[in-house]
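# Geometric and topological summary
As a plain string of letters, each chain reads:
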Amino acid sequence: MIPILGVLTLIGTSFASASGIGPLLAPQLMSRDLPVIIEAMDLDKQQSAILDDLLAEYLTRFDAEQSEVEAALAAVDPDTLHDAWIPPDWTDQRSAWRSVRGEAAELEDAAEARAYLESQQGWARREMEGLLRDRPDPSPSPRTQILNGWLTRREALRDGLIHDLGLVLDPQRASRWNMVEAAIARQRTPFGEVLPGESLDLGRVLRSQFTRDDPLPLNLEGLIGDYERAWGEASAARDAELAALLPRRLDAVERKDMLGQLQIARREAAARRTLVDANLDWYKRFTEALLSERINAFQRAVNERVHPDIFLPSLPERVLDQLLEDPALDSGLRSALVQSRMQFGAPRLSVAANERSASRQAAPRRLVARAEQRAMADVFGPTALFQLEKPTEVDPLSQVTRLSSRRRSIDAAWLKHVQNLIGTQRWADLPTNVKLPPKPLREQLVDQEGKPLRLILLP
C-alpha cells in the first residue's frame, strides 16, 4: 500500500518514514540514474566516465550534508516542538453561530428557518475567507526550519552537479539535461498521482499507436520531445511545491491547525491541477497534429489510461466482442447483438463523456472539501457542517456520483439484455477472462486492509 499522509501522497520509505519526511531527505539523483542519463544525453565512454565521477562526488557531498540534517532532526525535542505556537481563539465566531442556530430554532416555519440558516452560512463563509486572507503565516516549528534549510541546500547540490556537467560537455549535449530530468521523473517521483492525469505519459500513448511498419512521423517525434521537456518542468514544479508544503502540513496536523490544513490542501490541489492542465494542453496539441483517421484511437487510448473505470470495455462490451468474433454465430443473433451496441453503447458513451468532464472538476474539490468542512466546524463549532465553497447548481462532486450510477445502470441493463439474447448455456460457456474486470481495474479491487477482494462472477 502507498503510505498516505493526509492528502499529500508519498512514494518510498526511509529511516524518516515514520514522520513522513523520508522523501525529502532522499537525493534527487542516484547511481542507478547513470544509464538513463548516458542514454538521454548520448554520451560516449569518456563523457560517461566523467559523469560517473561527478555523480559520485555529488552523492558523497549529499550523504555528508544529509547526515548533518538527520542529526539536527534527531536533536529536536518533540515535547517542545510547538511551544511557539499560539492556538487561535474562535470564541466570538462560535458564539455568533450558536446565536444563529438559536434564532433559527425559534422560527416556527421550517422553510423560513432553513432559508435563514442558508443566508447565515453565506455570512460564515465570508467570515472564513477573511480569516484565511488576513491570517499571518504560522511560525514554523524547529523541524520545519531545519527542513526548509535542507530543501534549499538539496537544490543547490543538484544545481552544482548540473553546472559542473555543463563545463565538461559540449553545449548540444548539455542542453539535453531537461530530457534527463523528465526521464527520471517518469521513473521516480517522491509524490504519487492523486488527480487523474498527473502522471499520464502522452508520448508513450502516442508511440503505442504506431508500429515498425507504420512508423511515427518525424513531426510527432519532435513534438513528443517538446512535450517531455514541458512535462518534466511542470512535474518538477509540482514536486517542489509539495515538498515545501509537507513540513508545514506536519506542523498543522500536530497543532490541530484546521485553517492551516485547509490552506495547504488548497495549495496542493492547485499544484497538482497545474500538472494535469499541462497534460490536457498537450493532449489537445497532439490531437491537432494527428491525421484525422488516427484521432479517435489516440483519444480512446488516453481516456482508458486516465479514467480506466469509465472507459475500459465494460462487461457487456467484452461479451459482445467475444461473441461477434465467432464466424459461426447465427446471423439473427449477430444482428441483435450489434443492435444492442447502438441501443446501450451510444447512451453509455454520452454519459461517460459527461462523467469524465465532471471527474476532472471534482478531483481537486475532493482534496479540499473535507478540509473545508473541518475548518468551518473548528471555527464556528461542530454544528457548522457545511463546506466553505458553496455547492453550485451543477456541483461536480454530486455530478460524478449521479453519472457514475447512471453508467452502471446502463451496463447492468445492457448485460441483462445480452444474457437474454444468448441464453444460459452460451453465457456459461464464455471464457472466464471475459467476465473478469480488465487487468488495470483488478488491482483496485481491495478490501479495507488492502488485500484483493474475492472476485464473484455474475451468473
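Here is what the cut-offs are and how they apply
Residues numbered from 1 in each chain as written. Predicted model: local features only at pLDDT ≥ 70, side-chain atom pairs only at ≥ 80, totals over all residues. Heavy atoms only, no water. Helix = DSSP H or I, 4+ residues; strand = E, 2+ residues; numbered from the N terminus. Buried < 20%, exposed > 50% of the residue type's maximum accessible area, 1.4 Å probe, protein only. Contact = heavy atoms within 4.5 Å. Areas by Shrake-Rupley, 256 points an atom, 1.4 Å probe, with all protein chains shown as cover. Lys, Arg positive; Asp, Glu negative; His and termini not counted. Charge placed at Lys NZ, Arg CZ, Asp CG, Glu CD. Expected span 1.5 Å × (residues − 1). Bend = angle between axes of the 7 residues up to and from the residue. Axes fitted to C-alpha atoms, helices over the stretch in contact; angles between N-to-C directions. Parallel < 35°, antiparallel > 145°, perpendicular 65-115°, else oblique. Nonpolar A, V, L, I, M, F, W, Y, C, P; charged D, E, K, R; others polar. Salt bridge = Lys/Arg side-chain N within 4 Å of Asp/Glu carboxyl O. pLDDT = per-residue confidence, 0-100. Core = buried A, V, L, I, M, F, W, Y, C linked by side-chain atoms within 4.5 Å.

Attention now moves to the overall build of the protein. For the protein, the helix and strand inventory stands at 18 helices and two strands. Taking the principal axes of the C-alpha coordinates as reference, the protein spans close to 85 × 80 × 40 Å. A buried classification covers 43% of the 459 residues belonging to the protein. Residue pairs in contact within the protein that sit at least 24 positions apart in sequence constitute 78% of those at least 6 positions apart. Summing over all exposed atoms, the protein offers an accessible surface of approximately 25,200 Å²; the carbon and sulfur share of this is 52%. Each charge sign in the protein was given a centre, from 59 positive and 68 negative side chains, and these centres are 5 Å apart.

Helix length check: helix H10 (residues 218–255), at 38 residues, gives a terminal C-alpha distance of 55 Å against a target of 56 Å (1.5 Å per residue), a fit within 8%. Of all bends in H10, the biggest is about 30 degrees, found at Leu246, and the proline Pro247 comes one to four residues later. Remark: Lys256 follows H10 within two positions and exhibits a positive phi of approximately 55 degrees.

All right, on to the environment of Ala56 then. With respect to the element layout, Ala56 can be found in helix H3 (residues 45–74). Accessibility expressed as a relative area gives 39% for Ala56, which makes it partly exposed. Along the sequence, Ala56 and Ser31 sit 25 residues apart, while their C-alpha atoms lie 7.6 Å from each other.

A few words on the packing of helix H5 (residues 110–134) against helix H15 (residues 331–380). Where H5 contacts H15, the two axes come as close as 11 Å, and the packing angle between them is 95 degrees. With respect to their mutual orientation, H5 and H15 come out roughly perpendicular. Contact with H5, carried on its side by Trp123, Ala124, Arg125, Glu127, Met128 and Leu131, involves Ala375, Met376, Val379 and Phe380 of H15 and no other residues of that element. Per-class residue counts for the contact of H5 with H15 are eight nonpolar, no polar and two charged.

Okay, the pattern of salt bridges next. For the structure on display, the rule yields 26 salt bridges. Of the charged contacts in the structure, one is a salt bridge between Asp378 and Arg94, with a shortest N-O distance of 3.6 Å. In this pair, Asp378 is assigned in helix H15 and Arg94 in helix H4 (residues 91–106), connecting sequence segments 284 residues apart. Taking the relative accessible area as the measure of exposure, Arg94 reaches 31% and is therefore partly exposed. When the shortest N-O distance is used, the salt bridge between Arg365 and Glu372 registers 3.1 Å.

Turning to the confidence of the model for the protein, a few remarks are in order. Confidence in the prediction for the protein averages 88 pLDDT; 90% of positions are at 70 or higher. Across residues 9–18 the pLDDT falls below 50, and counting only partners more than four positions away or on other chains, this stretch makes 28 contacts in the model. Low pLDDT, under 50, characterises residues 452–459; the stretch is placed with 15 contacts to residues that sit more than four places away or in other chains.

Core analysis: the largest hydrophobic core is formed by 36 residues, its most contacted members being Met41 and Tyr58. Where this core is concerned, the elements lending two or more residues are helix H1 (22–25), helix H2 (34–41), H3, helix H6 (142–168), helix H8 (177–187), H10 and helix H11 (258–289). The dominant element in this core, judged by the number of residues it contributes, is H3, at eight residues. What Met41 contacts, discounting residues up to four positions off in sequence, is Leu165, Leu169, Arg173, Ala174, Arg176, Trp177 and Val180. Within the second largest apolar cluster, 27 residues are counted, among which are Val100, Leu117, Ala124 and Met128.

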